[in-house]
Amino acid sequence: MSTLTTTNIRNIAAKLDAAELTATAIPMLTEEFPRLGMEDGYAVQDAIKAIKTERGNSVVGLKMGFTSLAKMRQMNCDSPIRANLFDYFALPDDGEFPVSQACHPRVEAEIAFVLKKALRGPNLTVDDVLAATDFVVPALEIIDSRYQDFKFDLPSVVADNASSCRFVVGSQPMPVTDKIDLSTLGVALRKNGHIVEMGAGAAVLNHPARAIAMLAAMLAEKDEAIPAGTFILSGGITAAVAVQPGDYIQGDFQYLGTTGIRFN
Ligand code: OOG
Ligand code: MG
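Residues numbered from 1 in each chain as written. Chains lettered and ligands numbered in written order. Predicted model: local features only at pLDDT ≥ 70, side-chain atom pairs only at ≥ 80, totals over all residues. Heavy atoms only, no water.

Take the site of ligand 1 next. Within the structure, ligand 1 sits among 17 residues, and Phe-66, Lys-71, Glu-108, Ser-163 and Gly-236 are positioned closest to it. Within the complex, 100% of the 320 Å² of free accessible area of ligand 1 lies under protein. According to the grid-proximity analysis, the pocket containing ligand 1 is the largest cavity. For the shell around ligand 1, the secondary structure elements donating two or more residues are strand 1 (59-65), helix 4 (69-75), strand 4 (106-115) and strand 5 (133-143). Residue contributions to the shell around ligand 1 peak at three residues, all from strand 1. Here the shell around ligand 1 is composed, by residue class, of eight nonpolar, four polar and five charged. (Near = heavy atom within 4 Å. Areas by Shrake-Rupley, 256 points an atom, 1.4 Å probe, with all protein chains shown as cover. 1 Å grid on protein atoms, 1.4 Å probe; cavity = no way out; pocket = protein on both sides within 12 Å on 5 of 7 lines; lining within 4 Å. Sits in = over half its atoms within 2 Å of the grid points. Helix = DSSP H or I, 4+ residues; strand = E, 2+ residues; numbered from the N terminus. Nonpolar A, V, L, I, M, F, W, Y, C, P; charged D, E, K, R; others polar.)

In structure tokens:
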């Protein structure tokens, strides 16, 4: 059940969109709307999508968040969420991002999937997802909460498009064959050359393909499928790391190669 009026939803979406574009953090939504629920959060997320598409931006992919324990613990949120990725979020591999364009950016390493077949249904298996996968690529996501102090609860972060800000992907697409096990695939996140976080694909729901199956299940509730060709971030494998101007963040992914972002 939604607790917000259509006008409330539109106003909150406009506020969050403006906070993102001006890099100005705002108070967490539940301070003003204590009864905000998950359905409200997704309604605001949809309204942000409408604002951005009206402005001429387009959705270029989807993301899952809080699919690893490391992420859930870091942010004190206990269940996976989904959100949209817009065209201007995509940075070139090894591209630059001015820290001043975000409130308090952090970076996390993720395995990204590109589908060759649509996925539909509430009970898909890892094998179903892999059979529908065209390739995977190494990715880094820049997240940036539009809430003060990077603090939020689950409905508030859903409304804020799951803190999505920018992403980069490595240049070598890798088909998913029997030779590569995405669950034991190792990942190291480096900041200025030093490893600051590390993990393996299994950190994400025991296998990152499960995040894609979970996204399909979430969309199935709305009677939607994940279309063929969709690019999907499966969720941070490790905790996210804060960045300052001058930092270089690199993700080293076993089998998949590396990708990086320079912050200025
Ligand atoms: C929310 C976004 C979570 C992930 O990969 O888990 C996310 C946040 O941590 O601010 O993108
Ligand atoms: Mg993420």
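As a further point, take the pairing of strand 11 (residues 248-253). Strand residues, when the strand is regular, have side chains that alternate between the two faces of the sheet. Within strand 11, five of the six residues are buried, which leaves the element mostly enclosed by the surrounding structure. Taken together, the five bridges between strand 7 (residues 186-191) and strand 11 define a ladder with antiparallel strand orientation. Counted as the bridge partner of Lys-191 is Ile-249 from strand 11. Pairing of strand 11 with strand 12 (residues 257-263) involves six bridges; the strand directions are antiparallel. Among the inter-strand pairings, Ile-249 is bridged to a residue of strand 12, identified as Ile-261. (Buried < 20%, exposed > 50% of the residue type's maximum accessible area, 1.4 Å probe, protein only. Pairing = 2+ DSSP bridges.)

The next point concerns the pattern of salt bridges. All chains considered together, the criterion is met by 10 salt bridges. Put simply, Lys-52 and Asp-17 hold a salt bridge, and the shortest N to O gap is 2.5 Å. Residue Lys-52 is found in helix 3 (residues 38-55), and its partner Asp-17 is found in helix 1 (residues 6-22); the two are separated by 35 residues along the sequence. Summarising the burial analysis for this pair, Lys-52 and Asp-17 share the class buried. Lys-222 is the partner of Glu-224 in a salt bridge, and the nearest nitrogen-oxygen pair spans 3.6 Å. For Lys-222, a relative accessible area of 36% corresponds to the partly exposed category. Via salt bridges that share partners, Asp-17, Glu-20, Lys-52 and Arg-55 belong to a single interconnected network. (Salt bridge = Lys/Arg side-chain N within 4 Å of Asp/Glu carboxyl O.)

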